[in-house]
Amino acid sequence: MKKLLFTFLALFFISCSQNPYTHRPQLILISPQQEVEMGLKASKEILQKSKVSNDPYYNQLVQRVASRIAKVAEEEFHPGFKWEFHVLDSPQVNAFCLPGGKIFVYTGLLKLVQNEDQLAAVIGHEVAHAILRHGSERVSMAMIGDIGKKLLAKGLSIGGGQWGPLFDVAYGVTTKYGVIYPYSRKFEYEADELGLYLMYKACYDPNEAIKFWYRMMKLPKQQVPEFLSTHPSDENRIRALQQFINTKLKNVPRNCN
Ligand SMILES: [Zn+2]
């Protein structure tokens, strides 16, 4: 019983976090350090098991755009990530950012974006999910769903290997498990706004984000990329993006020479 109480207290302290952008309280049962460790482990596995692209054009492109987004993210939100940018040679239309700042972009996506601003929109959106700790929030929800049973059975070992697969799925590392969990609408709206903010501050044109999402939405059903099944898109969402650009974003100062 004492152990159970201790576990609950530990959970309580770990879970007292706040969304750094919206300031809404978040229930997260994984500490930022554990999250970063899991991100690093997942990143190493992906690099071992995937075909890393050596294409100099694609690598320079991702390096150039992602480092500008990462710089703004560090300056404004101080996650203290050790950023890395990787291009994976795969027709999948996908990209994700793991906690700790490990960004992966697939060549399938690079072929689809029409300019650097559209790539900045995708990377900004993914970095926003990582800064906002959405993946860990989703893992935590899954943990809570199962928590009673697990607690009673053996106490909860937070951050243990048992959460690894959930963690990967939550952050969009779907190749290994073939499972796709769409982000909730709330998380998408948050990542959209913060993503736009990041790209705007990095001196990219946020209107290109709107063009990209529209283009993705209009693709015929059979061509819908993996990226869209994890980030469902609709007219309302795009309207919200446009409104954010027209109202809030235009008043944000930025320094672009
Ligand atoms: Zn998303």
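Residues numbered from 1 in each chain as written. Predicted model: local features only at pLDDT ≥ 70, side-chain atom pairs only at ≥ 80, totals over all residues. Heavy atoms only, no water.

Examining the sheet that holds strand β3 (residues 84-88)
Sheets are built from strands paired through backbone hydrogen bonds, the pairs being either parallel or antiparallel. Spatially, the 3 strands line up as an open sheet ordered β3-β5-β4, and their pairing is mixed. A strand with exactly one partner marks an edge of an open sheet, and here the two such strands are β3 and β4 (95-98). When strand polarity is set aside, the average angle formed by the axes of neighbouring strands in this sheet is 15 degrees. Inspection of the sheet shows β3 paired to strand β5 (residues 102-106) by 5 bridges, in the parallel sense. Opposite L88, over in β5, you have Y106 as the bridge partner. Packing of helix α5 (residues 116-131) onto the sheet brings it into contact with β4 and β5, and relative to β4 it is tilted by some 35 degrees. (Pairing = 2+ DSSP bridges. Helix = DSSP H or I, 4+ residues; strand = E, 2+ residues; numbered from the N terminus. Axes fitted to C-alpha atoms, helices over the stretch in contact; angles between N-to-C directions. Contact = heavy atoms within 4.5 Å.)

Remarks on the packing of aromatic side chains
Overall, the coordinates contain 6 aromatic pairs when judged by the stated rule. Note on F77 and Y197: the rings are 6.5 Å apart at their centroids and 75 degrees apart in plane angle, and the pair reads as edge-to-face. Taken together, the residues span a long stretch of sequence, with F77 in helix α3 (residues 56-77) and Y197 in helix α8 (residues 185-201) at a distance of 120 residues. Members of the aromatic cluster, each reached through a chain of ring pairs, are F96, F104 and Y106. Above the plane of the ring of W213 lies R237, whose end atom (NZ or CZ) is 4.4 Å from the centre. (Phe/Tyr/Trp six-rings, centres within 6.5 Å; stacked < 30°, edge-to-face > 60°. Lys NZ or Arg CZ within 6 Å of the ring centre and 35° of its normal.)

Some words on the packing of α3 against α5
It is at 9 Å that the axes of α3 and α5 come closest, and there the two elements cross at 40 degrees. If you check the angle between α3 and α5, you find them oblique. Judged by the sense of rotation from one axis to the other, the crossing of α3 with α5 is right-handed. Where α3 approaches α5, its residues L61, V62, R64, V65, A66, I69, A73 and F77 are matched on the opposing element by E116, L119, A120, I123, G124, V127 and I131. Residue composition of the contact of α3 with α5, by class: 12 nonpolar, 1 polar and 2 charged. (Parallel < 35°, antiparallel > 145°, perpendicular 65-115°, else oblique. Left-handed = near helix turned anticlockwise from the far one by under 90°. Nonpolar A, V, L, I, M, F, W, Y, C, P; charged D, E, K, R; others polar.)

Focus on the pattern of salt bridges
Side chains bearing opposite charge may pair, as long as their charged atoms lie close to each other. Per the stated rule, a full pass over the model turns up 10 salt bridges. The residue K41 makes a salt bridge to E45 at a minimum N-O spacing of 3.8 Å. With K41 and E45 both in helix α2 (residues 32-49), this residue pair falls 4 residues apart, about one helical turn. Among the residues examined, K41 registers a relative accessible area of 55% and is labelled exposed. A single salt-bridge network, built from bridges that share partners, covers E188, D192 and R237. (Salt bridge = Lys/Arg side-chain N within 4 Å of Asp/Glu carboxyl O. Buried < 20%, exposed > 50% of the residue type's maximum accessible area, 1.4 Å probe, protein only.)

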